[in-house]
Structures are given as structure tokens and as C-alpha cells.
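Chain by chain, the residues:
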Amino acid sequence: MSGGKPGLTHIDASGEAHMVDVSDKAETVRIATAEGHVKMAPETLALIRQGNAKKGDVIGTARLAGIMAAKRTADLIPLCHPLMLTKVTVEIEEDAALPGLRVTATAKLTGKTGVEMEALTAVSVACLTIYDMAKAADKAMEIGGVRLLEKSGGKSGDFRRPEAR
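Residues numbered from 1 in each chain as written. Predicted model: local features only at pLDDT ≥ 70, side-chain atom pairs only at ≥ 80, totals over all residues. Heavy atoms only, no water.

**Quick notes on the pattern of salt bridges**
Here's step 1: Taken as a whole, this structure holds 10 salt bridges when the rule is applied.
Here's step 2: If you follow the salt bridges from partner to partner, you end up with Glu35, Asp95, Arg102, Arg147, Arg161 and Glu163 in one network. (Salt bridge = Lys/Arg side-chain N within 4 Å of Asp/Glu carboxyl O.)

Rendered as C-alpha cells:
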């Protein structure tokens, strides 16, 4: 945050949860990028790479699930505003160091509120979809590292995680 002490914006003076009023905020271009990963056995990664998972195209399905999830964030997170997203991308890459798949999602709009939750939701659901598609081969997969990498636009200013790739 810029200046002052951070606070909980979804809690009112009496301690009750509420949706933030954004009616007086300026419309700006807002972009957020998040990441997460699915760690798996090397054999499971090979199955996915070769397209031999029982349920089909793991990476393509997970990418589509992430995009769809970003568009439905307000239906899943109670106090999120429904947003008119102008762009959502979900990239899924192999990461031999895990071993597994690394998921990165970016959400964008011009509006009065940020898109961090949409990017985080896209990553989370893409990771869950990877798990679902490959669980027949590897029930010990681990989902982790879901975090905001960067965001821009809005009153609170820009944020970039120092160790972000």
C-alpha cells in the first residue's frame, strides 16, 4: 500500500462484512498477474506431455477452465464485484525443477476495481483442473505457490513481487 496503515476494506466500522462501494472511484486500466503450480511425479508429467492422460488434453482443458473461472469470480468469492473483463490469459508451462506444471494467469479490464481475484481464481481453477485430469495417474500431486505476482492500476498503485520472474 502507498502511505498509511493497511486495512481490511471489506469490513465496515461495526465489524460486518460488506461489498466495497466503488462508485466514486476513477476508471483506470487494471491488470493483475498470478501464478501457481502443480507438482507431480515425472511419469505423470510425461503422460501429460505425450497427451496420454485418460481424460484428454490436460493443458488445453486447464487453460480453458482458468479463463472460465476468471469470468465467474464474483459467483465464487462473496464480496467480489462482477467485472467486465477485457482479457484473460492462462499460460501453462512445464517446470522440470518441480517437476510439474507452472500456471500463470493475467486478467485485464478498464474499470473501478482491480482484477487480482480474477487472476488468482484463474490460477487456482487451472491447477485444480490439472489435478482432476491427471489424478488417475497420480493422486499424490500437490497444488501450491498460488500468489499474486503483480498488479497495476487503481488508487493503491502498482505492486510487483520482488522475486517475481
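**Focus on the UniProt feature "domain: Molybdopterin cofactor biosynthesis C (MoaC)" (unreviewed entry) in the protein chain**
Here's step 1: Per the UniProt record, "domain: Molybdopterin cofactor biosynthesis C (MoaC)" (unreviewed entry) is found at residues 19-154.
Here's step 2: For the annotated span residues 19-154, helix accounts for 34% and strand for 32% of the residues, and the straight-line distance between the end C-alpha atoms is 17 Å. (UniProt positions renumbered as here; feature names shortened; annotations may be inferred. Helix = DSSP H or I, 4+ residues; strand = E, 2+ residues; numbered from the N terminus.)

**A word on the packing of helix α2 (residues 58-71) against helix α4 (residues 116-134)**
Here's step 1: At a closest axis distance of 7 Å, the pairing of α2 and α4 adopts a crossing angle of 145 degrees. Judged by the sense of rotation from one axis to the other, the crossing of α2 with α4 is right-handed. Contacts from Val58, Thr61, Ala62, Ala65, Gly66, Ala69 and Ala70 of α2 reach α4 at Glu118, Thr121, Ala122, Val125, Ala126, Thr129, Ile130 and Met133.
Here's step 2: A breakdown of the residues in the contact of α2 with α4 according to their chemical character gives 10 nonpolar, 4 polar and 1 charged. (Axes fitted to C-alpha atoms, helices over the stretch in contact; angles between N-to-C directions. Left-handed = near helix turned anticlockwise from the far one by under 90°. Contact = heavy atoms within 4.5 Å. Nonpolar A, V, L, I, M, F, W, Y, C, P; charged D, E, K, R; others polar.)

**Some remarks on the environment of Ala122**
Here's step 1: As for its placement among the helices and strands, Ala122 is situated in helix α4.
Here's step 2: For the pair Ala122 and Thr89, spaced 33 residues apart in sequence, the C-alpha to C-alpha distance is 8.8 Å.
Here's step 3: If we skip the residues at most four places from it in the chain, Ala122 touches Gly66, Ala70, Val90 and Ala105.

**A closer look at the nonpolar core**
Here is a general trend for soluble globular proteins: nonpolar side chains tend to be buried in one another's company.
Here's step 1: With 31 residues, the main nonpolar core has Met40, Leu85, Val90, Ile92, Leu101, Val103 and Ile130 as its most contacted residues.
Here's step 2: Sorting the residues of this core by element identifies β1 (28-39), α1 (42-50), α2, β2 (87-95), β3 (100-111) and α4 as the ones contributing at least two each.
Here's step 3: Top contributing element to this core by residue count: α4, with 9 residues. (Core = buried A, V, L, I, M, F, W, Y, C linked by side-chain atoms within 4.5 Å. Buried < 20%, exposed > 50% of the residue type's maximum accessible area, 1.4 Å probe, protein only.)

**What to know about the pairing of β3**
Here's step 1: Most of β3 sits inside the fold, with 9 of its 12 residues counted as buried.
Here's step 2: Judged from the 12 bridges that link them, β1 and β3 form a sheet pairing that is antiparallel. Paired with Thr33 across the two strands is Thr106, which belongs to β3.
Here's step 3: In terms of strand pairing, β2 meets β3 through 9 bridges, oriented antiparallel. Bridging from a neighbouring strand, Ile92 pairs with Val103 of β3. (Pairing = 2+ DSSP bridges.)

**Thoughts on the pairing of β1**
Here's step 1: Alignment of β1 against strand β4 (residues 142-152), held across 8 bridges, turns out to be antiparallel. Note that in β4 the partner of Val38 across the bridge is Ile143.

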